[in-house]
Structures are given as C-alpha cells and as structure tokens.
Amino acid sequence: MSKILAIFGATGHQGSSVLHYVLNDPELFQTYKIRAITRDLNTSKAQQLSQKVEVVAADFQDLSSIETALTGAHSIFLMTPPSFGPNALDDEYNNVKLVADIAVHRGVDYLIFSTLPGIRAMSHGKYTKVTPFDAKAEAEAYIRTLPIKSAFYCPAGFMENFQSQPFLNPRPAADGTWVLSRCAGPTTRFPWISAVADSGKVVGAILAEPGKYEGKTFCAAGGLYSMVEMAEALSKASGKKVVYRQILAEELRGFFPLPGLADMFIEGFEFYETVGYFGPGTEELVAWSRENTRGELTSFEGFLERNVVEF
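Residues numbered from 1 in each chain as written. Predicted model: local features only at pLDDT ≥ 70, side-chain atom pairs only at ≥ 80, totals over all residues. Heavy atoms only, no water.

Remarks on the packing of aromatic side chains
The geometry of an aromatic ring pair is captured by two quantities: the separation of the ring centres and the angle between the planes. Applying the stated criterion across every chain yields a total of 20 aromatic pairs. Measuring from centroid to centroid gives 6.4 Å for Y127 and F271, while their planes differ by 85°, and the two rings are edge-to-face. Taken together, the residues Y127 in the loop between helix 6 (119–122) and helix 7 (131–143) and F271 in helix 13 (residues 259–274) connect sequence positions 144 residues apart. Here the aromatic cluster, defined as three or more aromatic residues joined through ring pairs, consists of Y127, F133, F167, F190, F256, F265, F269, F271, Y272, Y277 and F278. (Phe/Tyr/Trp six-rings, centres within 6.5 Å; stacked < 30°, edge-to-face > 60°. Helix = DSSP H or I, 4+ residues; strand = E, 2+ residues; numbered from the N terminus.)

Here we look at the sheet that holds strand 7 (residues 157–158)
Ordered in space as 7-10-12, the three strands form an open sheet in which the pairing is mixed. Two strands bound the open sheet, and with one partner strand each, they are strand 7 and strand 12 (223–226). Bridge count for strand 7 against strand 10 (residues 189–193) is two bridges, and the pairing is parallel. Pairing of G157 across the sheet is with W192, part of strand 10. Running at roughly 95° to strand 12, helix 11 (residues 227–238) makes contact with strand 10 and strand 12 of the sheet. (Pairing = 2+ DSSP bridges. Contact = heavy atoms within 4.5 Å. Axes fitted to C-alpha atoms, helices over the stretch in contact; angles between N-to-C directions.)

Here we look at the packing of helix 4 (residues 63–70) against helix 5 (residues 88–105)
Across the interface, helix 4 lies against helix 5 with an axial gap of 10 Å and an inter-helix angle of 45°. The pairing of helix 4 with helix 5 is recorded here as oblique in orientation. Between helix 4 and helix 5 the crossing geometry is right-handed. Contacts between helix 4 and helix 5 involve L63, I66, E67 and L70 on the former and, on the latter, L98, V99, I102 and A103. Classifying every residue of the contact of helix 4 with helix 5 gives seven nonpolar, no polar and one charged. (Parallel < 35°, antiparallel > 145°, perpendicular 65-115°, else oblique. Left-handed = near helix turned anticlockwise from the far one by under 90°. Nonpolar A, V, L, I, M, F, W, Y, C, P; charged D, E, K, R; others polar.)

Some remarks on a negative patch on the surface
Taken together, the side chains of E229, E232, E301 and E305 present a region of like negative charge at the surface. Secondary structure elements with two or more residues in the negative patch: helix 11 and helix 15 (300–306). A relative accessible area of 67% means that E305 is categorised as exposed. (Patch = residues over 30% accessible without salt bridge, like charges linked within 9 Å, V, L, I, M, F, W, Y side chains within 5 Å. Areas by Shrake-Rupley, 256 points an atom, 1.4 Å probe, with all protein chains shown as cover. Salt bridge = Lys/Arg side-chain N within 4 Å of Asp/Glu carboxyl O. Lys, Arg positive; Asp, Glu negative; His and termini not counted. Charge placed at Lys NZ, Arg CZ, Asp CG, Glu CD. Buried < 20%, exposed > 50% of the residue type's maximum accessible area, 1.4 Å probe, protein only.)

Some details on the UniProt feature "domain: NmrA-like" (unreviewed entry) in the chain
Residues annotated in UniProt with the feature "domain: NmrA-like" (unreviewed entry) correspond here to residues 2–304. Across residues 2–304 one finds 46% helix and 20% strand; the C-alpha atoms that close the span lie 37 Å apart. (UniProt positions renumbered as here; feature names shortened; annotations may be inferred.)

Brief notes about unusual backbone geometry
The bulk of non-glycine residues show a negative phi, and the bulk of peptide bonds are trans. At H124, a position not held by glycine, the phi torsion is positive, near 55°. Assessed through its relative accessible area of 77%, H124 is described here as exposed.

In structure tokens form, the structure reads like this:
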C-alpha cells in the first residue's frame, strides 16, 4: 500500500514542485500517495489539483484542521510562509511547532522541513531583522529534538524573486542602460535556486532514500553568481544592457515598499557577503547538495530562458 505524503503549501512554489515531481517519478509515484494541503480549496490551483490528488484544507490557526490533514500520513513535506509584524519570529516558529507536535502525536514517520540558515545565531547577534530565516532555523532545531525521523531542505534565494519582487529589478538610467543595484560587492557570489523547477528534485532525493538522508540538510542551489554575472545574464535574456552598481544600504532602503522589509533585506545582504548565505563553507555545502540531488538543478541562465522577467 502506498504511503501518504502530506504536502503543505501544495499550490505554492515549493509544495507544487514536490507534488509534481513525485507524480512524474515512476519510483516515487509507486511509493507515495499524495495528500495536498492548502488553505483554500476554492482557488483555481486547488481545484485543478483535486483532479489528480487528494486535496484537503488546513490552516495553522485551526488545530483540528491540521490534525485531520495529518491523520494517516506517513511522511510530511512542511513549508511555512513567513510572518511579518512585531511577533513574526514567534508566529512562524509556533506554526512549525504545532505541525511537528501533531505529527509526533499522530505517529507520522518522517518530516521533511523547508528551513533556512539562522542568521542571528551565526552572526553572534549582530543581525536580528531577518526573522523568516531565524524562525525556520529555530523551528528546525526544535524538530531535531522530537522522536520523529527528519531531514531538511534549505533553499538558496529564489530565482522567482526576480518575478515577484520587481522593486529589486534593474532600473533605467539616463544613459540608456539598466542598473541592477545592491549593497554588496560586485564579485561576491550568492547561491540561487529555481524553487518551482527544483524543489521537487531535492526533496525527491530524500523521499527516495529517507534513511540515507535522515538528519541531513540540503543547502540547495543551482549555482553561485556574483551580481555582475546576474546583470550579464539579465542583459543576454532581455536584450537590454544591464550593469551592476554597488550602492549604500541607505540608498537601497528607498527601493522597498515597507521599512521592515528594507531592514530584513539589507541585513540579509550584509550577512551573505560577510559570512556566506549558508554560513561558513557555503560553496562546499552547495556542492554536496548538488551531488546528492536527483537530477540537474537549474542555472540562472536556464531560468531566464524559460521564464520572463519584466523590467
């Protein structure tokens, strides 16, 4: 009998990637029966999924809905959207804790959690504003204390952010060029991943060999790129001349629609540049993950060939 794989965020970038990877992989399709979990059954994406897999509604604010969604589940892929506001860190941490505790109570065998590096801890308290990262890192630490098998998917920056966060895309300059700006050195290399194309490949590796990867973290990226290399790739894909310009943090702050969002991104950029996105040894961590992932991960150039980035 197939094992029930409960996928949170099944209509989002990561969850849908895992779902479709399992459906299209002959081995995993025979092993797992998918239960797609979403907050709203009435969206077009949820209704389309219901033609292929079981779809159930669950909300972190509704304890009984989570309990129902996990009943009979063998494995879970859990991702949580970031929270914002004064209690952002605690809110997201508590959402993960809720699901993890119920999973243990319901006898779930294996939990795969979409985590992120703990920036506050790795910077020894210097950077405190990147709450989505810290919330997930603290939640990961909690999961590791529980009597449940677990593994962790730690994705790099999403290439899809160039579509969803246009305020950070290149801007026109008076000389006819387009300027990509960050408060980071032009040669500093950052890891990137296509969440939609590649999350399933990484999580699929864990699902295929859960014993091998129990307790492991996949620091997943299709590659590391400097901002100059990103600008060159955007130039080639768009036909516009894109150049990179390093700017001060205060100038970058003006790009953001919300002050809190600006603080989070600016501290994040400073951490990535001084410590590394995944912390010390970022390049080695990425190399291990690429070697153990099922299939080739998407390059930034490959992403731009298949996706439109408007600016």
